[in-house]
Amino acid sequence: MKATAQALLILNGKGASNEELREAVYDMRAEGVDLAVRVTWEYGDAARYVAEALELGVETVIAGGGDGTINEVAAALVSSGQASLPALGILPLGTANDFATSCSIPLDMSSALKLAIHGRAAEIDIACVNDTRYFINMATGGFGTRITTETPEKLKSALGGVSYFIHGLLRMDTLKADRCHITGPDFNWDGEALVIGIGNGRQAGGGQEICPDAMINDGLLQLRLLTSEELLPSFLRSLLEGEENKNIISTSLPWLEITAPHDMTFNLDGEPLTGTRFRIDVLPKALQCRLPPNCTLLG
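Residues numbered from 1 in each chain as written. Predicted model: local features only at pLDDT ≥ 70, side-chain atom pairs only at ≥ 80, totals over all residues. Heavy atoms only, no water.

### A look at the packing of aromatic side chains
What counts here: The rule is short: rings of Phe, Tyr and Trp, with Trp giving its six-membered ring, pair when the centres are within 6.5 Å, and they are stacked under 30 degrees, edge-to-face over 60, tilted in between. Strands are runs of DSSP state E lasting at least two residues, helices are runs of H or I lasting at least four, and both sets are numbered from the N terminus onward. Throughout, exposure labels follow a simple rule: accessible area from a 1.4 Å probe, protein chains only, divided by the maximum for the residue type, with under 20% read as buried, over 50% as exposed, and the rest as partly exposed. We call a charge positioned above a ring when the Lys NZ or Arg CZ atom is no farther than 6 Å from the ring centre and deviates by at most 35 degrees from the ring normal.
Within the structure shown, the criterion is met by 1 aromatic pair. Note on F266 and F278: the rings are 4.8 Å apart at their centroids and 65° apart in plane angle, and the pair reads as edge-to-face. Taken together, the residues span a long stretch of sequence, with F266 in strand β14 (residues 255-268) and F278 in strand β15 (residues 271-290) at a distance of 12 residues. Neither F266 nor F278 differs from the other in exposure class; each is buried. Positioned above the aromatic ring of Y49 is the side chain of R48, whose terminal nitrogen or guanidinium carbon lies 5.3 Å from the ring centre. The aromatic ring of W255 is capped on one face by R279, whose charged end is 4.2 Å from the ring centroid.

### Concerning the packing of helix α2 (residues 45-56) against helix α3 (residues 67-78)
For the record, the criterion: For every element, the axis is a line fit to its C-alpha atoms; helices are fit only across the contacting stretch, and the angle between N-to-C directions ranges from 0 to 180 degrees. Throughout this description, any angle smaller than 35 degrees is read as roughly parallel, any larger than 145 degrees as roughly antiparallel, any in the 65 to 115 degree range as roughly perpendicular, and the remainder as oblique. Handedness of each helix crossing follows the sense of rotation of the near helix against the far helix: counterclockwise by less than a right angle gives left-handed, clockwise gives right-handed. Contact criterion: two residues are considered in contact whenever any of their non-hydrogen atoms come within 4.5 Å of each other.
At a minimum axis separation of 9 Å, α2 and α3 run at an interaxial angle of 45°. On the basis of the axis angle, α2 is oblique to α3. In this structure, the crossing between α2 and α3 has a hand that is right-handed. On the side of α2, the interface is formed by D45, A46, A47, V50 and L54, while α3 contributes E72, V73, A76 and L77.

Printed below as a string of structure tokens:
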């Protein structure tokens, strides 16, 4: 039977034994879909497989994994330098799946794979950091970064997204603000921030909606700051319930610069980046992504 589509699935090695996914792949191939599967073992594998996909001229590159896998595949596509890129498909196989959840990607493997191959491709933005790193979902700094980068793997496996919150409660002794200066178009802020969220997507840390007004196709990033003047109970309400208060600063910008007198660490879709200066630019319509019609991140 002639193939109705051509796609390459880049699968995080942790999901290689997923039986539901295997059945979904077999079903797609039985329907005539030309679907290749590549499994990653270590960092850098996804970029090599994206290069292979570009050489093959596939219509869709599917990222099978969590936010980190999606980030690596999306970054490899955007940084390839090719004018015409395949669409990005997403299979949520990670612990938190923050970006996929925000985009209403189904968790059922069969439905997700059908969407990844046959779904409507929408143009979406991606963010570039210091001209070399990227994030498709969110960059977080401050206390939130320490939670997401330090949460033990065993806790993630046992409890999923809620593990980030539980570990955060256990680490309240580490609650410490980051002194920094943030500038952007008609925006200038200097102070101490407990949490810094820079969202292309809306949620991070296993379901915490840090940037609730972010859209992935508006050419803007939502910056949301929780300043250190905030008391701990209000901090928890703000983080978990989205309650607004005078110590939450929120704006939307096409670019911003963050400088600090000391090293800061930002979590870019799960991957840490440490430094004293960060220039973050949105790249409008950088990718096409196959998303469901009910995706609330599309304006």
